[in-house]
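So the chains spell out like this:
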Amino acid sequence: MATEACCQAIGILQSHSFLNNFNHHQKLQINLVKFVTRDCLSSNGLSSRGSNYSGQRNYGIVRSSASQTSVVDPVSSPSRSNTGETNKKSSEAALILIRHGESLWNEKNLFTGCVDVPLSKKGIDEAIEAGKRISSIPVDVIFTSALIRAQMTAMLAMTQHRRKKVPIVMHNQSEQARTWSQVFSEDTKKQSIPVVASWQLNERMYGELQGLNKQETADRYGKEQVHEWRRSYDIPPPNGESLEMCAERAVAYFRDQIEPQLLSGKNVMIAAHGNSLRSIIMYLDKLTSQEVISLELSTGIPMLYIFKEGRFIRRGSPIGPSEAGVYAYTRHLALYRQKLDEMFQ
Ligand SMILES: O=C(O)[C@@H](CO)OP(=O)(O)O
């Protein structure tokens, strides 16, 4: 069902590579599947004590490798802009990961897991701030968990995006839901971003800890025990999921549904949770089960990866759109931002 829903969702608003969108006179290069029925690491954003998550070191490596690589420019490449090849091959695709902003239960220091709690006021502000950071990074498709805090984060972040496309939540759970949510304008579809919500990206299920206060639980069961429940790789909390179990469904979903999008040149944003994202980062960065233990993600800090030649390259967390030489940008992304400048200033 997830596969079907996802394919339809992607088909719905499948747009060509982001840069093509800018030339309004350009013949559209869209392999648009018929709508509906067919249709940086910032040091405060991600850290891992004692691991290779030294932001400074990694930024340097990434930047130098990027500068040595020749990146095809889809804007000026006639072969790409005139032959409709854009959708099939892209030299790179952006992948933004964002942990939801602070929730009302984060604020109260409660284990949340799969309980569907909304953002706090601070979380709303964090999501908007995150949106500013990625406002010049292309987004063609958004994946979120089924939980409202991740969805709020994605939507609030997108209110800040300079491209001003409209994120539209896909509803493929039934034929009727599909039919009733159809869009009948090609132009409108081009100005939209499909949002695919999936339980596989949910926070790990925290079992009988859900709703308990983290500090009180540590006082009761001991700090060590609670740390083991919270951060060990393969030890689940009582009747809950271990990180390993969470990774089984989150990484499988990433590989089955999200990687093909990146492979086809789509720029993807994932709004999800501390542990579902930890497991995905473990996969992207090839962390060991030991290394992932100390990986912590802050709420509301977007992390950018570039998918290129089958590899994921961590770029860091983009800063604001006004920053000229943001390390997180590749040449490809800088061109996108330049186009936005031309369009909207
Ligand atoms: O309560 C939760 O769902 C998670 C994330 O807030 O907690 P932890 O920090 O233990 O991963």
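The present account deals with the structure reproduced in this document. These numbers were taken from a predicted model, which means no experiment stands behind them.

### Describing the packing of aromatic side chains
Ring pairs (aromatic) are described by centroid distance and by the angle formed between their planes.
Here is step 1: Per the stated rule, a full pass over the model turns up six aromatic pairs.
Here is step 2: Ring centres 5.4 Å apart and planes at 65° place the aromatic pair tyrosine 221 and tryptophan 229 in the edge-to-face group.
Here is step 3: On the basis of relative accessible area, tryptophan 229 is assigned to the buried category, the value being 10%.
Here is step 4: Centre to centre, the rings of phenylalanine 307 and phenylalanine 312 are 4.7 Å apart; their planes meet at 45°, and the pair counts as tilted.
Here is step 5: For phenylalanine 307, a relative accessible area of 7% puts it in the buried group.
Here is step 6: The exposure class assigned to phenylalanine 312 is buried, which follows from its relative accessible area of 15%.

### Structural notes on the site of the ligand
Here is step 1: Contacts to the ligand come from Arg99, Asn106, Leu110, Phe111, Thr112, Gly113, Glu203, Tyr206, Lys214, Arg230, Arg231 and Asn275.
Here is step 2: Between the ligand and lysine 214, the relevant distance is 3.0 Å, taken from an oxygen atom to a side-chain nitrogen or oxygen of the residue.
Here is step 3: Contacts to the ligand include arginine 230, whose side-chain N or O atom sits 2.7 Å from an oxygen atom.
Here is step 4: Protein chains shield 95% of the accessible area of the ligand, which is 310 Å² for the free molecule.
Here is step 5: Residues that form the shell around the ligand fall into these classes: three nonpolar, four polar and five charged.

### Topic: the pairing of strand β9 (residues 311-316)
Here is step 1: Among the six residues of β9, five are classified as buried, and the element is accordingly described as predominantly covered.
Here is step 2: Judged from the five bridges that link them, strand β8 (residues 303-308) and β9 form a sheet pairing that is antiparallel. When the sheet's bridge partners are listed, leucine 304 is paired in β9 with glycine 316.
Here is step 3: Hairpin connection of β8 to β9: two residues between the antiparallel strands, including glutamate 309 at a positive phi of 50°.

About the cut-offs
Residues numbered from 1 in each chain as written. Predicted model: local features only at pLDDT ≥ 70, side-chain atom pairs only at ≥ 80, totals over all residues. Heavy atoms only, no water. Phe/Tyr/Trp six-rings, centres within 6.5 Å; stacked < 30°, edge-to-face > 60°. Buried < 20%, exposed > 50% of the residue type's maximum accessible area, 1.4 Å probe, protein only. Near = heavy atom within 4 Å. Polar contact = N/O pair within 3.5 Å; in protein donor to acceptor, adjacent residues only side chain to side chain. Areas by Shrake-Rupley, 256 points an atom, 1.4 Å probe, with all protein chains shown as cover. Nonpolar A, V, L, I, M, F, W, Y, C, P; charged D, E, K, R; others polar. Helix = DSSP H or I, 4+ residues; strand = E, 2+ residues; numbered from the N terminus. Pairing = 2+ DSSP bridges.

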